[in-house]
Amino acid sequence: MRTIALVATLLLLGACGQKAQLKPLEGNALPPAPFGSEVRPDADDLLELKPQAAPERSVELRTRSEEREDDPFDLPPE
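In this text the structure is predicted, and so the values were computed from the model without any measurement.

How each quantity is defined
- Residues numbered from 1 in each chain as written.
- Predicted model: local features only at pLDDT ≥ 70, side-chain atom pairs only at ≥ 80, totals over all residues.
- Heavy atoms only, no water.
- Helix = DSSP H or I, 4+ residues; strand = E, 2+ residues; numbered from the N terminus.
- Buried < 20%, exposed > 50% of the residue type's maximum accessible area, 1.4 Å probe, protein only.
- Lys, Arg positive; Asp, Glu negative; His and termini not counted.
- Charge placed at Lys NZ, Arg CZ, Asp CG, Glu CD.
- Patch = residues over 30% accessible without salt bridge, like charges linked within 9 Å, V, L, I, M, F, W, Y side chains within 5 Å.
- Areas by Shrake-Rupley, 256 points an atom, 1.4 Å probe, with all protein chains shown as cover.
- Salt bridge = Lys/Arg side-chain N within 4 Å of Asp/Glu carboxyl O.

(A) Fine view of the overall build of the protein chain. Within the protein chain, the regular secondary structure consists of 2 helices and 0 strands. Principal axes of the C-alpha set define a box for the protein chain whose edges measure 60 × 60 × 35 Å. Relative to its 78 residues, the protein chain shows a buried fraction of 3%. Separation of charge centres in the protein chain, based on 9 positive and 15 negative side chains, amounts to 11 Å.

(B) How the structure looks around a negative patch on the surface. A cluster of acidic residues, Asp-42, Asp-44, Asp-45 and Glu-48, forms a negative patch at the surface. Relative to the helices and strands, Asp-42 is located in the loop between helix H1 (2–16) and helix H2 (43–47). Judged by relative accessible area, which is 36%, Asp-42 ranks as partly exposed.

(C) Structural view of the environment of Ala-54. You can see Ala-54 is positioned in the segment after H2. Taking the C-alpha atoms as reference, Ala-54 lies 24 Å from Val-39; in sequence the two are 15 residues apart.

Written out as structure tokens, the structure is:
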């Protein structure tokens, strides 16, 4: 019984990583072209992240300890 559950779990996990071309379901269409654009985006264009959705990370590291500035909102509890 445990073997069957293990095999079923492995098969389900294997199916999760499948990559295939995305297509709309039958009878459905992709969204219309944005206002002012003549080109209708395909599925890959719609899945592409905008720069605001995934900004580049700043990797600036502090090389030495620095004195913290006074924070006017860091108040003691009342």
